[in-house]
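This is what each chain is made of:
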Amino acid sequence: MLFNSFEFLVLLAVTLLLYYLPIAGRLARVWQVGLLLVASSIFYGWENPKLLILLAVSCAANSLAVERILFWKGRDDPGGRSKRWLTAAIILNLVFLAFFKYAGIIYGSLPGAWISQDVLKWIRSIPLPIGISFYTFHALSLLIDVHRNVVTAETQERLGRRGMGRIASASDLSLYIVFFPQLVAGPIVKARNFIDQIRAKLWREIDWINVRRCLVTGYFLKIFVADNLSEQTAMLTIGKEALAASGPINLMAMLYSYGFQIFADFAGYSLIAIGLGLMFGYRLPENFNFPYLSLSITEFWRRWHLSLSAWLRDYLYIPLGGNRMGPGRTYVNLFLVMFLGGLWHGAEWKFALWGTLHGSLLAAERFIFRSRAGDLGSSSSPVRMLRDSVRWIYAFHAVMFLWLTFLMPDMANIGAFFKGLGSGDLSLPGQPLFALFVYGGMVVLYHLWGWLKEKHPERAAGFIHPLTEGALHGLMVFLILTNPGAPRGFIYFQF
Amino acid sequence: MLRYLTGFVVIFAACFGLQTVALRLSGGKTLKSESNYFSSVARVQTETQGSPRVMLLGSSITGRLGDRAEKIAGVANLGCDGGSAMVTLRAIDEGLLPTAPVMIIEANTLAYELEHRGKDIGKAIHSDWFKVGLKTPNLSATARPTAFAYSWLIARKADGGVASGDEVLPITSKPGVLDPATSPALDEKSTALVEEMAGILKRLENKGSKIFIVMLPGVPKDFPRKEIAVALACKSGVPWWDLTEGLPANAVGFTDGLHLDALSAQKVMNTLRAQLIER
């Protein structure tokens with residue numbers, strides 16, 4: 001089910017009405033958790049109810065593992081059984097992910113003699129359970145956080161209940177994994193930041209100001225910006241002959257449009273998810289912080305898909321040693337984390353290449369900026385402005401051109417893109433340029449707002465007034481209703 | 001909260017008010033949207049209003065005739081950018097769109113249907129949003145605020161305006177029924193498509209429509225497959241007219257190798273008017 005579909009609006013309205021029914025005492029919490037589990041199941045299983053089986057197995061297996069980990073941690077545990085349970089559960093989650101998402105690429109990379117074409121065809125026909133990458137990361141976060149003792153004692157007590165209490169603990173744990181606003185495409189919430197929030201919620205506690213900000217901006221970015229840009233950027237994937245025959249202005253307009261589209265699509269989704277979470281009393285983490293303001297790739301990853309970056313840092317980069325084991329190992333860790341982060345996006349080598357190239361730039365920047373750390377703070381204002389402009393142009397275009405590896409089916413198409421860039425055909429393409437200015441312009445305005453908030457917060461505060469905000473939202477809702485793009489799914493749903 | 005709502009309602013209402021005025025000033029329809037998809041949906045939504053005498057069904061090649069040639073009263077242009085006449089033919093056959101006494105089917109892109117091109121537009125015609133747009137013009141595809149802006153830009157372009165004049169194409173061919181024995185051999189998939197299309201044409205003829213299959217100037221280089229249209233004409237017995245037959249190379253001009261420029265679009269419309277529309 002899509003956030004921008006009619007059936008979702010019906011599900012949301014019904015769930016919200018029932019959620020805040022005046023139920024007294026401890027039953028309120030049970031009712032609300034149960035209702036969210038039902039609503040999340042309808043949301044997830046709407047197109048293909050069979051997918052619920054895998055989700056249910058994941059919830060049940062992780063619930064058992066968490067209970068066992070807590071059980072053994074509460075005892076002497078000389079044999080390290082809690083760690084064994086943790087390891088087994090992590091392996092199980094990764095096996096699920098590998099089988100459903102990566103089996104095709106793993107077996108497809110083997111020599112032809114090792115595996116028959118029929119088996120390969122069967123493996124490739126296995127449908128990808130939507131959102132499996134996201135809920136697997138949720139489950140891993142839960143297992144590790146519980147094992148690391150970073151959830152509160154109260155939550156540990158609740159998740160470790162046995163007997164009849166296990167139903168309640170399994171419900172809480174399942175809600176963390178399947179909570180519908182973040183189930184399919186994040187934000188990836190760490191267990192310690194979600195489970196401690198589970199309690200009875202009250203209507204009067206809803207933060208309506210942030211709900212409307214998130215929902216209006218999120219739907220505007222998705223429906224008005226991303227969906228309208230997608231018709232133009234589809235031309236980037238129509239074939240290498242057409243790309244090679246296109247002129248540089250046309251190609252760059254489409255490339256910038258794709259960069260703006262993927263931001264608007266994913267940031268829009270994340271904002272809608274955060275707004276929906278707030279409606280039900282749950283705070284989900286911010287996922288984007290004006291990423292195209294970045295002056296380096298390092299900064300880009302502190303602003304883009306923040307919840308994934310934080311997950312990779314906490315559960316992969318730091319356990320690998322982070323930057324504590326010398327410069328050489330740091331570069332290897334950066335490279336490895338970005339390679340796996342790239343592959344997390346999809347079971348195709350192009351995503352691994354995308355991640356690896358980002359990892360290479362991160363390592364290169366770390367090397368350069370470390371060796372020049374003393375120079376950076378000593379410049380005068382005009383020099384700093386010039387230097388920042390150059391750095392922004394570098395970072396923005398590096399990100400844009402690396403989107404080619406993310407988008408294009410193969411290297412031949414990327415080659416055709418660059419061939420077209422050098423074609424010398426300087427004709428002005430009407431539709432792509434118009435779309436870039438109108439729809440991409442909204443992403444630029446959004447980032448200018450971010451820049452103002454960061455650099456001149458007092459001036460930005462002057463713009464925030466209920467009347468102007470209401471007027472702006474009125475305009476945005478008008479454009480959502482009268483100028484939507486052709487309805488499309490969210491790009492990150494495929495991951 | 002009150003101040004927020006005041007700002008919201010005032011601007012929201014003002015936007016709809018401005019849009020309504022703009023729609024009235026533009027005669028209830030915009031020329032073109034930056035989106036091929038919405039341009040097509042807009043054509044289908046606006047052109048099927050009232051009771052058109054003649055319908056032109058086809059792709060953006062047909063759509064160009066409506067965008068750049070002088071409007072002829074009672075002639076509806078249902079060109080679907082990126083698609084083919086089959087998109088609207090199916091919708092008419094299903095009763096989603098009205099029929100017309102004369103229907104001119106563009107032959108150039110009928111083969112696109114083999115690749116289901118234009119299915120998004122077909123899907124849109126089936127949607128509730130399409131029906132809402134028919135009843136509420138402000139929510140129709142033609143009333144998109146960006147369509148007003150894009151139409152204004154097109155109208156300002158030197159070659160973007162609508163042409164006029166009486167010049168026709170310098171050709172001598174006339175519409176005629178093809179001999180079924182000359183039907184080209186087709187593969188299984190193409191044959192099935194021709195069977196389906198012939199069935200739809202038959203049903204439309206039974207409802208009283210006079211149908212013509214017309215090859216317009218402009219051949220899609222990526223997927224010509226003219227034989228499918230010829231086979232359809234042979235199979236259905238519907239009159240066939242090839243406007244490219246005997247057409248001198250410099251008699252028409254294109255803006256991009258496929259779509260006619262304004263002057264040529266006008267010539268084609270004049271030719272169609274003389275032979276098919278005002279018969």
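Residues numbered from 1 in each chain as written. Chains lettered and ligands numbered in written order. Predicted model: local features only at pLDDT ≥ 70, side-chain atom pairs only at ≥ 80, totals over all residues.

### Here's the deal with the overall build of chain A
Helix and strand counts for chain A stand at 23 helices and zero strands. Whereas a compact globule of 495 residues would reach a radius of gyration of roughly 23 Å, chain A reaches 24 Å, a difference of no more than 12%. The principal-axis extent of the C-alpha atoms belonging to chain A is close to 75 × 65 × 55 Å. Per-residue burial for chain A yields a buried fraction of 40% across its 495 residues. For chain A, restricting intrachain contacts to residue pairs at least 6 apart in sequence, the fraction spanning at least 24 positions comes to 77%. (Helix = DSSP H or I, 4+ residues; strand = E, 2+ residues; numbered from the N terminus. Rg over C-alpha atoms; globule rule 2.2 N^0.38 Å. Buried ≥ 20, exposed ≤ 12 C-beta atoms within 10 Å, placed from the backbone. Contact = placed C-beta atoms within 7 Å.)

### With respect to the overall build of chain B
Secondary structure summary: chain B contains 10 helices and five strands in total. The C-alpha atoms of chain B give 20 Å as radius of gyration, which agrees with the globular expectation for 279 residues (19 Å, within 12%). Judged by the C-alpha coordinates and their principal axes, chain B covers about 75 × 40 × 35 Å. A separation of at least 24 residues holds for 80% of the contacts in chain B among residues at least 6 apart in sequence.

### Details of the pairing of strand 1 (residues 54-58) of chain B
All names here are of chain B. Of all five residues in strand 1, five are buried, a share of seventy percent or more. Going residue by residue along strand 1, you find Val54, Leu56 and Gly58 tucked away on one face and Met55 and Leu57 tucked away on the opposite face as well. Here strand 1 pairs with strand 2 (residues 75-79) via five bridges, running parallel. Note that in strand 2 the partner of Leu57 across the bridge is Leu78. (Pairing = 2+ DSSP bridges.)

### Let's talk about the interface of chain A and chain B
Each partner contributes residues to the interface: chain A has 22 residues there, and chain B has 24 residues. Listed by contribution, the elements that provide at least two residues to the side of chain A that touches chain B are helix 11 (208-233), helix 21 (430-455) and helix 23 (466-482) of chain A. The biggest single contributor to the side of chain A that touches chain B is helix 23 of chain A, with 14 residues. Split into classes, the residues belonging to the side of chain A that touches chain B amount to 12 nonpolar, eight polar and two charged. (Nonpolar A, V, L, I, M, F, W, Y, C, P; charged D, E, K, R; others polar.)

### Considerations on the pairing of strand 4 (residues 210-215) of chain B
Residues and elements named next belong to chain B. With five bridges connecting them, strand 3 (residues 102-106) and strand 4 associate as parallel partners. Each residue of the ladder has a partner; that of Val102, found in strand 4, is Lys210. Alignment of strand 4 against strand 5 (residues 240-242), held across three bridges, turns out to be parallel. Each bridged residue has a counterpart across the sheet, and for Val214 the counterpart in strand 5 is Trp241.

### Here's the deal with helix 13 (residues 248-279) of chain A
Helical periodicity: at 3.6 residues per turn, an α-helix aligns residues three or four positions apart in one direction. Residue and element names in this part refer to chain A. The end-to-end C-alpha distance of helix 13, which contains 32 residues, comes to 46 Å, matching closely the 46 Å that a straight helix rising 1.5 Å per residue would cover. Within helix 13, 29 of the 32 residues are buried, which leaves the element mostly enclosed by the surrounding structure. The positive-phi residue at the C-terminal boundary of helix 13 is Gly281, with phi of around 85 degrees. (Expected span 1.5 Å × (residues − 1).)

### Things to note about the domain arrangement of chain A
Size of an interface: often given as the accessible area lost when the parts come together. All names here are of chain A. Domain annotation of chain A identifies domain 1 (6-205) and domain 2 (208-494). For domain 1 versus domain 2, the distance between C-alpha centres works out to 28 Å. On the side of domain 2, 23 residues touch domain 1, which itself brings 27 residues to the contact. Contributions of two or more residues to the side of domain 1 that touches domain 2 are made by helix 1 (6-19), helix 4 (81-108), helix 6 (132-147), helix 9 (180-183) and helix 10 (191-194). (Domains from an automatic or database assignment.)

### Considering the sheet that holds strand 5 of chain B
Residues and elements named next belong to chain B. What the five strands build is an open sheet, ordered 2-1-3-4-5; its pairing is parallel. Each edge of the open sheet carries a strand with a single partner, namely strand 2 and strand 5. Averaged over all pairs of adjacent strands, the angle between their axes in this sheet comes to 20 degrees, without regard to strand direction. Packing against the sheet, helix 3 (residues 60-68) makes contact with strand 1, strand 2 and strand 3, and its axis sits at approximately 140 degrees to strand 2. Relative to strand 3, helix 10 (residues 262-277) is tilted by about 135 degrees, and along the sheet it contacts strand 1, strand 2, strand 3 and strand 4. (Axes fitted to C-alpha atoms, helices over the stretch in contact; angles between N-to-C directions.)

### Focus: the environment of Gly239(A)
Position of Gly239(A) relative to the elements: it lies in the loop between helix 11 and helix 12 (240-245). Sequence separation between Gly239(A) and Gly275(A) is 36 residues, and the spatial gap between their C-alpha atoms is 39 Å.

### Remarks on the nonpolar core
Residues and elements named next belong to chain A. The biggest cluster of nonpolar side chains holds 190 residues, and the ones touching the most others in it are Leu143 and Val225. Of the residues forming this core, the biggest block, 20 residues, is contributed by helix 13. Each of domain 1 (6-205) and domain 2 (208-494) gives at least three residues to this core. Ignoring any residue separated from it by four or fewer positions in sequence, one finds Leu143 in contact with Asn62, Ala65, Val66, Ile69, Leu86, Ala89 and Ile90. (Core = buried A, V, L, I, M, F, W, Y, C linked by C-beta atoms within 7 Å.)

### Notes on unusual backbone geometry
All names here are of chain A. The residue Asn149 is not glycine, and still its phi comes out positive at about 65 degrees. Tracing the chain through its elements places Asn149 in the loop between helix 6 and helix 7 (153-159). Under the C-beta neighbour-count criterion, Asn149 is labelled exposed, with 12 such atoms within 10 Å. Of note in the backbone geometry, Phe290 takes a positive phi value of approximately 50 degrees without being a glycine. With respect to the helices, strands and loops of the structure, Phe290 is situated in the loop between helix 13 and helix 14 (297-300).

### What about the confidence of the model for chain B?
Residues and elements named next belong to chain B. Chain-level statistics for chain B give a pLDDT mean of 89 and a share of 96% at 70 or above. The secondary structure element of chain B with the lowest average pLDDT is helix 3, at 87, and the one with the highest is helix 1 (residues 2-25), at 95. Across the assembled chains, the prediction reports ipTM 0.85 with pTM 0.88. (pLDDT = per-residue confidence, 0-100.)

### Remarks on helix 23 of chain A
Between its first and last C-alpha atoms helix 23 of chain A spans 24 Å; for 17 residues at 1.5 Å apiece the expected length is 24 Å, and the two agree. Burial in helix 23 of chain A covers these residues: Gly470(A), Ala471(A), His473(A), Gly474(A), Met476(A), Phe478(A), Leu479(A) and Thr482(A). Those residues of helix 23 of chain A that are buried are in contact with helix 11 of chain A together with helix 1 and helix 7 (145-156) of chain B.

### So, the environment of Leu340(A)
All names here are of chain A. For Leu340, the location among the structural elements is in helix 16 (residues 327-345). The partly exposed category is assigned to Leu340, around which 15 C-beta atoms lie within 10 Å. Separated by 14 residues in sequence, Leu340 and Gly326 have C-alpha atoms that sit 21 Å apart.

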